[in-house]
Amino acid sequence: MDQGFLSKVKDEEVPKMLFLSVNPTKVVEEVEKALPISSSSTSQDEDAVGVGHTHTTGDFKSEGGSDSVSRLLQKFESALKEKSISPVRRELQLRLLKLSSMELCRTNSLSTLESNFSDESDQLSNEEEDVLEFTEIFEMFNYSAPESIKTNFGNIIASKKIPVRADFGTINKKTFFVYAENKIMMKICDLLSANDVFKMYKVLRESKAVEQDDIQDLLSQPIDHKTLQKVKGLKDVAFYYLILNLMRKQMLNRLYTHKLNFIFHQLKQMNEQDSTPCPHIDRVLSNLNRYTVASRPPGLCLIFIMLENRSGAAKDLAKVRDLFEKVFMYDVFVKKDPTAEDIKTIVSKLKAARNKFYDSLVVWFMGHGDKTNLAVKDGPIHRRIGLIEPFIELEWFVQKPKLFFIQACSVKENRKKFSVSSTSEPKGLTSETDSIGWRASAGAQWQDKYAEYADVSKVNSFADTLISYATMWYQYASRNEEGSLYVDTLVDQLREHGTKESIENVLRRVHYNVNTVGLTCEEKGREVYWKQAPYFESSLQKEFIFPKTKL
C-alpha cells in the first residue's frame with residue numbers, strides 16, 4: 001500500500017475511521033468469548049477521571065493480530081495512557097495493509113435491485129465487509145481509496161449482488177456500508193468539546209445514580225482534560241472508548257440509548273450550572289431520541305399492488321413510487337399482482353447479508369381485502385401471518401423501524417353498512433371500494449419492580465413496527481379512477497411533513513384530512529353517503545422521521 005496515503009490522514013480522523021469500521025453486532029459476540037475483565041487501581045486527582053484496562057482473549061503479541069473490537073479497545077486505551085495518537089495510527093496502517101493485500105474473486109456483472117429477488121444470494125465475509133466499510137469511510141473523508149481496495153470493492157458489489165441505483169451515477173454514491181449507529185456517534189462526537197468528553201467521565205465517576213460496579217474498568221485509569229484538548233484526536237479516542245465499553249457491556253445499542261441519554265442530561269446540567277450555553281447537547285439528545293437512520297439509501301421500500309379489477313391502482317403506484325424513490329431516496333422494489341409464493345420468495349431473498357445495511361423497512365400493500373385477509377393473485381392471505389409477520393421477523397431489521405401501509409377494505413360479510421340521514425343532501429366523492437434514566441425513564445415504583453430485569457440485548461420481533469390501515473375494521477376503503485383517498489392523502493402528507501415530523505404525527509394529519517371528505521357509493525341500487533376512518537397501530541419505541549436526503 002502507498003504509505004503516502006496514510007500520511008494525508010489527519011490525527012483527528014484516525015480514531016473516527018477505526019470506530020466507523022466497527023461492526024456493532026460483533027461487540028457483544030466478542031464479550032461472550034472473552035476472559036473476565038480485570039482492572040488496575042491508580043490514584044486520581046481532581047483533574048483526571050478514569051478509563052479502563054481490559055484483558056481479553058486474542059493474540060495481542062504482535063501489531064498484526066486480530067481486527068477485533070477488543071483489539072481496538074486496547075489500542076484506544078494505549079493512546080489514552082501514552083497521551084498520543086500513535087498507537088491508533090499504527091492500527092489503521094495495519095488494517096489498510098491487510099485490506100490492500102486481500103485477493104477476492106473477480107466478476108464483471110453488476111446487480112440490480114430486481115435481480116436480488118430472483119437470483120441466489122451470498123453472505124458477506126468479515127473481510128468483504130471490511131472492504132465495503134473502508135471504501136465508504138475513505139469517501140466520507142474525501143480520500144480516494146488505494147486502487148487494490150477499490151478493485152476489491154467493485155468485485156464484491158458485483159459478486160454479492162449489492163444493487164446499484166442508476167440515478168446515483170457511481171457505486172460509491174450508495175453510502176450505507178458503515179453502520180448507521182456508528183455514523184450517529186461520530187456526529188455526536190463532532191459536536192462535543194474536549195471538556196464535554198472529560199465531563200462525561202466525571203458524570204460516570206460522581207453520579208450516585210450510576211451503578212459503579214457496572215463501569216469500574218472505565219474508571220480505573222486517569223484521563224486528563226488538558227491533554228484531551230492539546231493532543232489532536234485524543235478527545236475522539238476518549239469518546240469512542242467510552243461508547244465501545246458501553247456497547248460491550250450491553251448498556252448501549254442502536255435502539256436502547258437511555259444510559260447515554262442520562263450522561264448527556266447530567267452534562268447539560270453541569271454546563272448550565274457553569275452558565276455555559278449548550279444547544280449542542282440538545283441536538284445530541286434529539287438524535288438519541290430518534291431511530292437511527294443515517295445511510296443512503298435510508299431503507300428498502302417494497303410495494304405489493306394488485307392491478308387487476310382496481311381502477312386507479314396504477315396512479316396510486318406512481319405516486320408512492322415517486323415519493324419513495326425521488327424524495328425519500330429509498331431503494332424501491334415493486335411486485336405487481338403478487339401471489340402468496342411471491343411474497344414468501346421475497347422474504348427469503350431479504351435474508352441475504354447485503355440487506356443488513358438498510359436502516360428501515362417500508363412495506364405497502366394495495367389491493368382488495370376484508371377484516372382478516374388480503375387478496376393476492378392466487379387467493380387470500382392472512383393480513384398478519386401472510387404479510388406482516390414474515391417481514392418483522394427478518395434478522396436484519398431487528399431494532400429498526402418497520403412501517404406497513406395497507407390500502408384495502410376491512411369489511412365483514414353480511415355486516416350492515418351505515419348511511420347518513422339528513423334534510424339536506426351531503427356532497428360526497430364518488431368512489432369504489434377495496435373489499436375482500438441511567439435506567440430507563442420511569443417512576444420509582446416501576447424501577448423498584450422491574451429495573452433488575454432490564455435486558456436491552458433482545459427485543460420482541462413485533463417491536464419497532466407501525467401498521468397503518470386505510471380504514472377501520474368492518475369498513476370500506478375508497479378508490480376511484482384517480483386513485484385511492486388514503487394513498488392520495490398519505491403521499492401528500494408525507495411529502496409535506498414526512499421529513500419534519502414523526503410518522504405518528506403525519507398519520508394523525510392523514511386521519512384528519514381523510515375524515516373531512518364525504519364519500520358516496522352505489523349499494524343495492526341506491527346511493528349511500530359515508531366517511532372513511534384510517535387508523536394505525538404502533539409499537540415504535542422511538543421517534544421515526546424520514547431523513548432529508550439529497551443527491
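Preceding block: the structure.
Parameters at a glance
- Residues numbered from 1 in each chain as written.
- Predicted model: local features only at pLDDT ≥ 70, side-chain atom pairs only at ≥ 80, totals over all residues.
- Heavy atoms only, no water.
- Helix = DSSP H or I, 4+ residues; strand = E, 2+ residues; numbered from the N terminus.
- Expected span 1.5 Å × (residues − 1).
- Buried < 20%, exposed > 50% of the residue type's maximum accessible area, 1.4 Å probe, protein only.
- Contact = heavy atoms within 4.5 Å.
- Pairing = 2+ DSSP bridges.
- Right-handed = clockwise from strand over helix to strand, strands pointing away.
- Axes fitted to C-alpha atoms, helices over the stretch in contact; angles between N-to-C directions.
- Salt bridge = Lys/Arg side-chain N within 4 Å of Asp/Glu carboxyl O.
- Core = buried A, V, L, I, M, F, W, Y, C linked by side-chain atoms within 4.5 Å.
- Parallel < 35°, antiparallel > 145°, perpendicular 65-115°, else oblique.
- Left-handed = near helix turned anticlockwise from the far one by under 90°.
- Nonpolar A, V, L, I, M, F, W, Y, C, P; charged D, E, K, R; others polar.

K.L.:
Could you clarify how one ought to interpret helix α7 (residues 147-159) in this entry?
P.N.:
In an α-helix there are 3.6 residues to a turn, and that puts residues three or four apart on one side. Helix length check: α7, at 13 residues, gives a terminal C-alpha distance of 18 Å against a target of 18 Å (1.5 Å per residue), a fit within 8%. Within α7, the full set of buried residues consists of Ile149, Asn152, Phe153, Asn155, Ile156, Ile157, Ala158 and Ser159. Along its buried surface, α7 packs onto α5 (86-100) and α6 (126-140).

K.L.:
Would you mind showing me how to read the pairing of strand β3 (residues 300-305) here?
P.N.:
Walk down a regular strand and you will see the side chains alternate between the two sheet faces. Counting buried residues along β3, six of its six residues qualify, which places the element largely inside the surrounding structure. Side chains of β3 alternate between two faces, with Leu300, Leu302 and Phe304 and Cys301, Ile303 and Ile305 buried alike. Judged from the six bridges that link them, β3 and strand β4 (residues 331-336) form a sheet pairing that is parallel. Within β4, the residue paired with Leu302 across the bridge is Phe333. With respect to chirality, the unit in which β3 leads through helix α14 (residues 313-327) into the neighbouring parallel β4 is right-handed. Pairing geometry for β3 and strand β5 (residues 361-366), over six bridges, is parallel. Pairing of Ile303 across the sheet is with Trp364, part of β5.

K.L.:
What's the story with the sheet that holds β5 in this structure? I'm lost.
P.N.:
Hydrogen bonds along the backbone pair up the strands of a sheet, which may run parallel or antiparallel. Read from one edge of the open sheet, six strands run β4-β3-β5-β8-β11-β16, paired in mixed fashion. For this open sheet the edge positions go to β4 and β16 (535-538), each flanked by a neighbour on one side alone. Between one strand axis and the next, the sheet turns by 10° as a mean value, whatever way the strands run. Here strand β8 (residues 402-407) pairs with strand β11 (residues 465-469) via five bridges, running parallel. Paired with Ile406 across the two strands is Tyr469, which belongs to β11.

K.L.:
Hey, could you run me through the pattern of salt bridges in this one?
P.N.:
For side chains of opposite charge, pairing can occur when their charged atoms come near one another. Under the counting rule described, the total for this entry stands at 21 salt bridges. Of the charged contacts, one joins Asp11 and Arg89 as a salt bridge, the two residues approaching to 2.7 Å between their closest N and O atoms. Of the two residues, Asp11 sits in the loop between α1 (3-8) and α2 (14-20) while Arg89 sits in helix α5, which places them 78 residues apart along the sequence. Here Glu128 makes a salt bridge to Lys160, at a shortest N to O gap of 3.8 Å. Here Glu128, found in helix α6, pairs with Lys160, found in the loop between α7 and α8 (180-191); they are 32 residues apart in sequence, far enough to count as distant. For the pair formed by Glu128 and Lys160, the shared burial category is buried. Among the charged side chains, a network of salt bridges with common partners joins Glu181, Arg254 and Asp359.

K.L.:
For this particular structure, what's the right way to read the nonpolar core?
P.N.:
One broad rule of soluble globular proteins: the nonpolar side chains tend to lie buried together. The biggest cluster of nonpolar side chains holds 114 residues, and the ones touching the most others in it are Phe239, Leu260, Phe264, Leu302, Leu387 and Phe391. For this core, the element with the highest residue contribution is helix α11 (residues 234-248), accounting for 11 residues. Once you skip the residues sitting within four places of it in the chain, Leu387 turns out to touch Phe304, Ile343, Val363, Phe365, Leu374, Ile381, His382, Phe404 and Ile406. Counting 44 residues, the second largest nonpolar core, distinct from the first, contains Leu317, Leu403, Ala477 and Leu519.

K.L.:
Help me out: how do you make sense of the packing of helix α4 (residues 69-82) against α11 in this one?
P.N.:
The packing of two helices is summarised by the inter-axis angle and the distance between the axes. At their nearest, the axes of α4 and α11 sit 9 Å apart, and the two run at 140° to each other. By the angle class used here, α4 and α11 are oblique. Classified by chirality, the crossing of α11 by α4 is left-handed. Each of Val69, Ser70, Leu72, Leu73, Phe76, Glu77, Ala79 and Leu80 in α4 lies in contact with α11, whose residues at this interface are Leu234, Val237, Ala238, Tyr240, Tyr241, Leu244, Asn245 and Arg248. A per-class count over the contact of α4 with α11 returns 12 nonpolar, two polar and two charged.

K.L.:
Would you mind going over unusual backbone geometry with me for this structure?
P.N.:
Excluding glycine, a negative phi dihedral is what most residues carry, and trans is how most peptide bonds are arranged. In the segment running from Arg296 into Pro297, the intervening peptide bond is cis, with an omega of 5°. With respect to the helices and strands, the residue Pro297 is situated in the loop between α13 (279-288) and β3. Positive phi, normally seen in glycine, also occurs at Gln250, with a value near 60°. The topology assignment puts Gln250 in the loop between α11 and α12 (258-273). Of note, the phi angle at Asp464 is positive, near 65°, even though the residue is not glycine. Looking at the element boundaries, Asp464 is found in the loop between α17 (444-450) and β11. Overall, Asp464 belongs to the buried group, its relative accessible area being 1%.

K.L.:
What is the right way to read α8 from this model?
P.N.:
The first and last C-alpha atoms of α8 sit 17 Å apart over 12 residues, in line with the 16 Å expected at 1.5 Å per residue. Buried residues dominate α8, accounting for 10 of its 12 residues. Within the span of α8, buried status applies to Ala180, Glu181, Asn182, Lys183, Ile184, Met185, Met186, Ile188, Cys189 and Leu191.

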